[in-house]
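Letter by letter, the chains look like this.
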Amino acid sequence: MFSKKREMKKEFDEQFITLMKETKSEWHQAQLIEDYLNDYDLDAVAKRKMAESIHFYLYKEARIRNVILK
């Protein structure tokens, strides 16, 4: 009974870690796009801020869940 719970936690933790890595790469990509733009583009800024907020929300959730990133 408890081993099934551990297996499920491990599986969902792995999915959560891959999601965090994907959002981090999206955030860094949005930062690079914003840096390469010559003029101030509100769309690029909004995309960067959205990616940043999603990443930090997942980071906070990982701390609550005690997920260890490797």
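Further up the page is the structure itself.
Values in this document were obtained by computation on a predicted structure and should not be read as measured data.

Chemist: Account for the pattern of salt bridges, naming residues and giving values.
Modeler: Evaluation of the coordinates by the stated rule reveals 5 salt bridges. Linking Arg48 and Glu52 is a salt bridge whose minimum nitrogen-to-oxygen distance equals 3.2 Å. With Arg48 and Glu52 both in helix 2 (residues 42-65) and 4 residues apart, the pair spans about one turn of that helix. The partner of Glu61 in a salt bridge is Arg65, with the nearest N and O atoms 3.7 Å apart. Linking Glu61 with Arg65, this pair stays in helix 2, spanning 4 residues, or about one helical turn. Ionic contacts of the salt-bridge type, sharing partners, join the residues Glu34, Arg48 and Glu52 into one network.

Chemist: Now, about the nonpolar core: what can you tell me, with residues and values included?
Modeler: It is characteristic of soluble globular proteins that their nonpolar side chains tend to be buried jointly. One finds Phe16, Ile17, Met20, Leu58, Ala62 and Val67 forming the largest nonpolar core, which totals 6 residues. Put simply, the parts of the chain that give this core at least two residues each are helix 1 (2-36) and helix 2. Here the element with the most residues in this core is helix 1; it accounts for 3 residues. Apart from residues no more than four positions distant in its own chain, Val67 is found in contact with Asp13, Phe16, Ile17 and Ala62.

Chemist: Give a detailed account of the packing of aromatic side chains, specifying residues and quantitative values.
Modeler: On inspection of all chains with the given rule, the structure shows 1 aromatic pair. Judged by centre distance (5.3 Å) and plane angle (65 degrees), the ring pair of Trp27 and Phe56 falls under edge-to-face. With Trp27 in helix 1 and Phe56 in helix 2, this residue pair connects regions lying 29 residues apart in the sequence. Taking relative accessible area as the criterion, Phe56 reaches 41% and is therefore assigned partly exposed. One cation-aromatic arrangement involves Arg65 over Phe16; the distance from NZ or CZ to the ring centre is 4.6 Å.

Chemist: Break down the side chain of Arg48 for me, with residues and values.
Modeler: Arg48 sits in the buried class, given a relative accessible area of 17%. Polar contacts involving the side chain of Arg48 include one to the side chain of Glu34, which spans 2.3 Å. Filtering out sequence-adjacent residues up to four positions away, Arg48 remains in contact with Trp27, Ala30, Gln31 and Glu34.

About the cut-offs
- Residues numbered from 1 in each chain as written.
- Predicted model: local features only at pLDDT ≥ 70, side-chain atom pairs only at ≥ 80, totals over all residues.
- Heavy atoms only, no water.
- Salt bridge = Lys/Arg side-chain N within 4 Å of Asp/Glu carboxyl O.
- Helix = DSSP H or I, 4+ residues; strand = E, 2+ residues; numbered from the N terminus.
- Core = buried A, V, L, I, M, F, W, Y, C linked by side-chain atoms within 4.5 Å.
- Buried < 20%, exposed > 50% of the residue type's maximum accessible area, 1.4 Å probe, protein only.
- Contact = heavy atoms within 4.5 Å.
- Phe/Tyr/Trp six-rings, centres within 6.5 Å; stacked < 30°, edge-to-face > 60°.
- Lys NZ or Arg CZ within 6 Å of the ring centre and 35° of its normal.
- Polar contact = N/O pair within 3.5 Å; in protein donor to acceptor, adjacent residues only side chain to side chain.

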